[in-house]
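Here are the chains, one letter per residue:
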Amino acid sequence: MDYAVEIHNLAFRHKDGTVALRGVTMKVKKGSKTAILGHNGAGKSTLLFHLNGIYLPQQGSVKILGVEVNRKNEKLVRKMVGLVFQDPDDQVFSPTVWDDVAFGPANFGLPREEIEIRVKEALRAVVMEEFADKMPFHLSYGQRKRVAIAGVLAVKPEILVLDEPHAFLDPKSKENLFDILEKENQDGRTVIIATHDVDFAYEWADEIVVMKEGRVLAQGGTEVLCREEIIKGAGLEFPKVVRFFNRIHGLKVEKAPKTIDEAAELVNKLLKNIPQRD
Amino acid sequence: MRMEFYPEEKDYFFKKTDGRVKLVSAIFSIAALSTIRTWEYLAACLGFYIFLLCLTGFPVLKWMRRIFFPVLFAGAMSAAAAFANFYAGRQYAGIDGAVLFLRALCAIVVLSSVIYSMSFRELVFSLKVLHVPDVLVNLIGFTIRYANILTDELSRMKKARKARGYSKGRNFWHTATMKVIGQTVAVLFLRSYERSERVYQAMLSRGYGGDIRLLSAPARPGKKDFAFGALMAGVPLFFKVAEMGAFSWIMR
């Protein structure tokens with residue numbers, strides 16, 4: 001099996017003494033859509049920073065596409081893993097959208113012509129082409145988020161990592177983000193997100209990692225989010241669709257639906273099987 | 001609240017002039033101005049700059065609002081220096097104060113008008129071309145870029161205070177108000193520090209290694225640019241030479 005990310009016994013303590021990770025071991029398959037869930041302070045963001053080489057392992061190891069993350073190859077790792085920060089204002093700082101998207105490719109020493117092509121492609125991917133000459137501070141929060149994603153896509157990383165991508169987004173922007181992530185994954189990229197949004201994770205991801213207090217509580221398919229002991233242990237809540245089916249007494253379904261559409265289809269099917277009364 | 005860095009006016013001659021030339025001539029002008037000791041010559045230089053700005057279509061009124069506080073500060077400092085000299089029993093303390101103020105005013109006019117007329121990209125490029133150290137260019141760049149975010153944060157904090165019934169005291173001696181202002185400034189500093197850490201991490205994550213790469217270079221400055229730059233720097237130099245008595249020597 002090919003793995004995009006292999007983490008073994010990773011531990012990390014912040015400068016102020018807070019222990020953020022306590023022996024995390026996990027693997028992410030190449031080309032997968034992985035959601036890392038956990039409450040605030042579970043260590044999700046610290047873990048993501050290790051994937052991009054911003055934080056280097058204090059204990060244990062992190063391998064990206066077979067390359068061990070250390071000081072010698074952190075630049076290579078940053079080329080392989082694109083990290084989108086939670087707050088676009090932390091990431092988007094250039095005077096124009098174009099400049100900001102070009103920032104990454106320029107740092108990696110690409111020639112001007114190649115940068116222009118990549119910026120165009122990245123802005124097209126997030127549907128922000130017409131805003132290339134705008135000042136990022138004058139865009140909406142959702143648009144700035146898309147610029148932040150474009151800035152990472154322009155580097156053409158093999159792994160795309162997003163920290164809380166849904167934070168403060170309106171429903172329409174969430175939908176746009178969903179489409180962008182789907183497309184990137186279909187193009188062969190491994191996509192990893194850290195989120196609180198169990199509904200999104202349940203619907204979108206094919207791999208789930210649940211974290212609690214710097215440790216991995218569970219890892220597996222989306223069925224992880226149907227297990228009560230994990231959900232309660234991590235301080236999360238069941239996805240809405242799962243909650244709905246859990247409340248119907250006596251109903252046993254082979255596989256819980258993942259989306260509202262699937263749930264509606266299942267309910268319709270069950271209703272058809274109920275004998276009609278005159 | 002948004003701080004506009006980019007002037008939104010139409011193109012005008014002063015704006016179209018090459019940024020590198022404008023910056024270099026501003027540096028020479030300020031160097032010459034700071035050595036002139038005759039208040040009449042300084043006033044003449046000031047008049048010339050204002051005339052030049054008006055002549056080249058510079059949005060003088062808008063720009064004047066922006067330089068209000070620096071001018072106020074320069075005035076206060078010059079007045080303080082004049083009073084100190086007066087009490088020390090020095091002759092012409094008032095004229096010295098006026099000279100100091102005029103020098104500061106001329107420097108503010110020259111530098112602020114040059115910066116006001118440049119886009120952010122042009123400013124960074126000009127500084128790089130002039131071999132200003134990267135650290136300084138980064139510092140200037142981030143100050144401008146994050147002024148918006150800091151003012152936004154400050155305005156959010158103000159709103160949150162208002163929402164909880166806070167209102168300012170009527171005078172400077174209102175201790176509760178002073179305490180709140182002090183706390184706000186402290187929190188703003190802490191937030192800025194934390195944000196700067198996050199910004200740096202975000203830059204590192206996209207391969208930043210400490211140097212700025214210039215992606216596009218503006219065209220070489222033309223004759224018009226050089227002529228304009230020479231005029232800007234030439235006038236204070238002319239007055240400096242006059243002050244040194246060069247013309248009396250010629251007249252002889």
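Everything quoted here is computed from the prediction, not taken from an experiment.

A closer look at the overall build of chain B
- Secondary structure summary: chain B contains 11 helices and 0 strands in total.
- Along chain B, from the amino end to the carboxyl end, the secondary structure elements read α-α-α-α-α-α-α-α-α-α-α.
- When the backbone C-alpha atoms are referred to their principal axes, chain B occupies close to 75 × 55 × 35 Å.
- In chain B, which comprises 252 residues, the proportion classed as buried is 40%.
- A total accessible area of about 15400 Å² is found for chain B, and carbon and sulfur atoms account for 68% of it.

Some thoughts on the packing of aromatic side chains
All names here are of chain B.
- Counted according to the given criterion, the structure contains 18 aromatic pairs over all chains.
- Consider the rings of Phe 86 and Tyr 87, whose centres lie 5.5 Å apart with planes at 75°: the pair is edge-to-face. Take Phe 86 and Tyr 87: they sit in the same class, and that class is exposed.
- Judged by centre distance (5.5 Å) and plane angle (75°), the rings of Phe 238 and Phe 239 are edge-to-face.
- The buried category is assigned to Phe 239, whose relative accessible area is 16%.
- Clustering of aromatic rings is evident, with ring pairs tying together Phe 13, Phe 14, Phe 58, Trp 63, Tyr 116 and Phe 228.
- Directly above the aromatic system of Phe 14 lies the positively charged group of Lys 22, at a separation of 5.2 Å from the ring centroid.

Things to note about the interface of chain A and chain B
- The interface is formed by 36 residues belonging to chain A together with 25 residues belonging to chain B.
- Across the chain A to chain B interface the summed buried area is about 2700 Å²; carbon plus sulfur atoms make up 54%.
- Among the residues chain A hides against chain B, the three largest losses belong to A:Asp90, A:Phe93 and A:Phe137. Together they make up 24% of the total.
- There are 4 salt bridges connecting chain A and chain B.
- A salt bridge links B:Arg198 to A:Asp90; the shortest N-O distance between them is 2.7 Å.
- Contributions of two or more residues to the side of chain A that touches chain B are made by α2 (74-80), α3 (88-91), α4 (97-107), α5 (112-125) and α6 (141-153) of chain A.

Remarks on the sheet that holds strand β9 (residues 207-212) of chain A
Residue and element names in this part refer to chain A.
- Spatially, the 6 strands line up as an open sheet ordered β6-β7-β8-β3-β9-β10, and their pairing is mixed. At either margin of the open sheet sits one strand with a lone partner, and together these are β6 (81-84) and β10 (215-220). Taking the axes of each pair of neighbouring strands and ignoring which way they run, one obtains an average angle of 15° across the sheet.
- Note that strand β7 (residues 159-163) and strand β8 (residues 190-195) share 5 bridges and pair parallel. Bridging from a neighbouring strand, Val 161 pairs with Ile 192 of β8.
- Together, β3 (33-37), β7 and β8 form the strand contacts of helix α7 (residues 171-186), whose direction differs from that of β7 by roughly 160°.

Considerations on the packing of helix α2 (residues 19-33) of chain B against helix α6 (residues 93-116) of chain B
Residues and elements named next belong to chain B.
- It is the contact of α2 with α6, at a shortest axis distance of 10 Å, that shows an interaxial angle of 180°. One element, α2, and the other, α6, form an angle in the roughly antiparallel class. Taken together, the residues of α6 that come into contact with α2 (itself represented by Lys 22, Leu 23, Ala 26, Ser 29, Ile 30 and Leu 33) are Arg 103, Cys 106, Ala 107, Val 110, Leu 111 and Val 114.
- Its residues assigned to classes, the contact of α2 with α6 comprises 9 nonpolar, 1 polar and 2 charged.

Things to note about the domain arrangement of chain B
Residue and element names in this part refer to chain B.
- Domain parsing of chain B yields domain 1 (13-132 + 217-251) and domain 2 (134-205).
- On a C-alpha basis, the centroid separation for the pair domain 1 and domain 2 is 32 Å.
- Contacts between the two partners involve 6 residues from domain 1, matched on the other side by 7 residues from domain 2.
- Note on domain 1 versus domain 2: buried area summed over both sides is about 590 Å², and carbon and sulfur give 78% of it.
- Seen at the junction of domain 1 and domain 2, the total is 1 salt bridge.
- The partner of Lys 128 in a salt bridge is Asp 134, with the nearest N and O atoms 2.9 Å apart.
- Where domain 1 touches domain 2, the interface holds 2 residue pairs in polar contact (both at pLDDT 80 or more).
- For the side of domain 1 that touches domain 2, the per-class residue count stands at 5 nonpolar, no polar and 1 charged.

Some words on the pairing of β9(A)
Residue and element names in this part refer to chain A.
- A large share of β9 lies buried, amounting to 5 of its 6 residues.
- Here β3 pairs with β9 via 4 bridges, running parallel. Bridging from a neighbouring strand, Thr 34 pairs with Glu 207 of β9.
- Examined bridge by bridge, β9 and β10 share 5 bridges and lie antiparallel to one another. Its bridge partner lying in β10, Met 211 is registered against Val 216.
- Where β9 folds back on β10, the antiparallel hairpin that results is connected by 2 residues, among which Glu 213 adopts a positive phi of roughly 45°.

Let's talk about the sheet that holds strand β2 (residues 19-29) of chain A
Residue and element names in this part refer to chain A.
- Reading across the sheet, the 4 strands line up as β2-β1-β4-β5 and stay open at both edges, with antiparallel pairing between neighbours. With partners counted over all chains shown, the strands left at the sheet margins are β2 and β5 (67-68), one partner each.
- Two strands pair when backbone bridges link them, and strand β1 (residues 3-13) and β2 are joined in this way by 8 bridges, in the antiparallel orientation. Along β2, the bridge assignment pairs Ala 11 with Arg 22.
- Those strands touched by helix α1 (residues 44-51) are β1, β2 and β4 (59-64), and its axis lies near 120° from that of β1.

Some points on the environment of A:Glu262
All names here are of chain A.
- Within the fold, Glu 262 resides in helix α11 (residues 260-273).
- Counting along the chain gives 21 residues from Glu 262 to Val 241, while the straight-line C-alpha distance between them is 9.3 Å.
- In this structure the side chain of Glu 262 is engaged in a polar contact, spanning 2.9 Å, whose partner is the backbone nitrogen of Lys 258.

Some remarks on the nonpolar core
- Residues A:Val101, A:Leu162, A:Leu181 and A:Ile208 are the most contacted members of the largest nonpolar core, which totals 52 residues.
- Among the elements that make up this core, the one with the highest residue count is α6(A) (6 residues).

Conventions we followed
- Residues numbered from 1 in each chain as written.
- Chains lettered and ligands numbered in written order.
- Predicted model: local features only at pLDDT ≥ 70, side-chain atom pairs only at ≥ 80, totals over all residues.
- Heavy atoms only, no water.
- Helix = DSSP H or I, 4+ residues; strand = E, 2+ residues; numbered from the N terminus.
- Buried < 20%, exposed > 50% of the residue type's maximum accessible area, 1.4 Å probe, protein only.
- Areas by Shrake-Rupley, 256 points an atom, 1.4 Å probe, with all protein chains shown as cover.
- Phe/Tyr/Trp six-rings, centres within 6.5 Å; stacked < 30°, edge-to-face > 60°.
- Lys NZ or Arg CZ within 6 Å of the ring centre and 35° of its normal.
- Contact = heavy atoms within 4.5 Å.
- Buried area = accessible area lost by both parts, 1.4 Å probe.
- Salt bridge = Lys/Arg side-chain N within 4 Å of Asp/Glu carboxyl O.
- Pairing = 2+ DSSP bridges.
- Axes fitted to C-alpha atoms, helices over the stretch in contact; angles between N-to-C directions.
- Parallel < 35°, antiparallel > 145°, perpendicular 65-115°, else oblique.
- Nonpolar A, V, L, I, M, F, W, Y, C, P; charged D, E, K, R; others polar.
- Domains from an automatic or database assignment.
- Polar contact = N/O pair within 3.5 Å; in protein donor to acceptor, adjacent residues only side chain to side chain.
- Core = buried A, V, L, I, M, F, W, Y, C linked by side-chain atoms within 4.5 Å.

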